[in-house]
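Each chain, letter by letter, is given below.
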Amino acid sequence: MITIFNRKELFITYSLEKQAEIRNLLSAHKIEYTISTMGNFWQTNSRGNGNILPVGTQTEYKIYVKRQDYEEAVYILNVNE
C-alpha cells in the first residue's frame, strides 16, 4: 500500500494520454502506483484591455510510486521514451 510516508513523486503531467501511458508501463512491470489529480485550473488570457477571459481548464496528474520502486520506475520511463 502506498501512503504519503512511503511514496515518491515520479511524474507530473497535464496530458490524460501521457498519464495513461505511464500507468500502463508501471502496471506492465508490476510497480504499484497512485495518482493524485487537481483539476479545473482556469487559464487566463489578457488582451491588453484589462479583461481576463477564460481559455479552458486543465487537470494536473501527479503519479507516485513507493520510494523503494522509484529507481526502477525512472529507468522504465527512460527506456520507453
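Above this text sits the structure in question.
None of these values were measured; they are calculated from a predicted model.

Examining the nonpolar core
Of all hydrophobic cores here, the largest spans 11 residues; its members are Leu10, Ile22, Leu25, Leu26, Ile31, Ile63, Val65, Tyr70, Ala73, Ile76 and Leu77. Those elements that provide at least two residues to this core are helix H1 (16–28), strand S3 (52–66) and helix H2 (70–79). The biggest single contributor to this core is H2, with four residues. Excluding anything up to four places from it in sequence, isoleucine 63 contacts Lys8, Glu9, Leu10, Phe11, Gln19, Ile22, Leu26, Tyr33, Thr34 and Ile35.

Side note on the environment of isoleucine 4
Here isoleucine 4 is to be found in the segment before strand S1 (7–13). In sequence terms isoleucine 4 and lysine 66 are 62 residues apart; their C-alpha atoms lie 9.4 Å from each other.

A word on H2
The complete set of buried residues in H2 reads Tyr70, Ala73, Ile76 and Leu77. The buried residues of H2 all sit within an arc of 125 degrees when viewed along its axis, so they share a single face. Opposite the buried face of H2, at more than 90 degrees from it, the exposed residues are Glu71 and Tyr75.

What counts and what doesn't
Residues numbered from 1 in each chain as written. Predicted model: local features only at pLDDT ≥ 70, side-chain atom pairs only at ≥ 80, totals over all residues. Heavy atoms only, no water. Core = buried A, V, L, I, M, F, W, Y, C linked by side-chain atoms within 4.5 Å. Buried < 20%, exposed > 50% of the residue type's maximum accessible area, 1.4 Å probe, protein only. Helix = DSSP H or I, 4+ residues; strand = E, 2+ residues; numbered from the N terminus. Contact = heavy atoms within 4.5 Å. Arc of directions from axis to C-beta.

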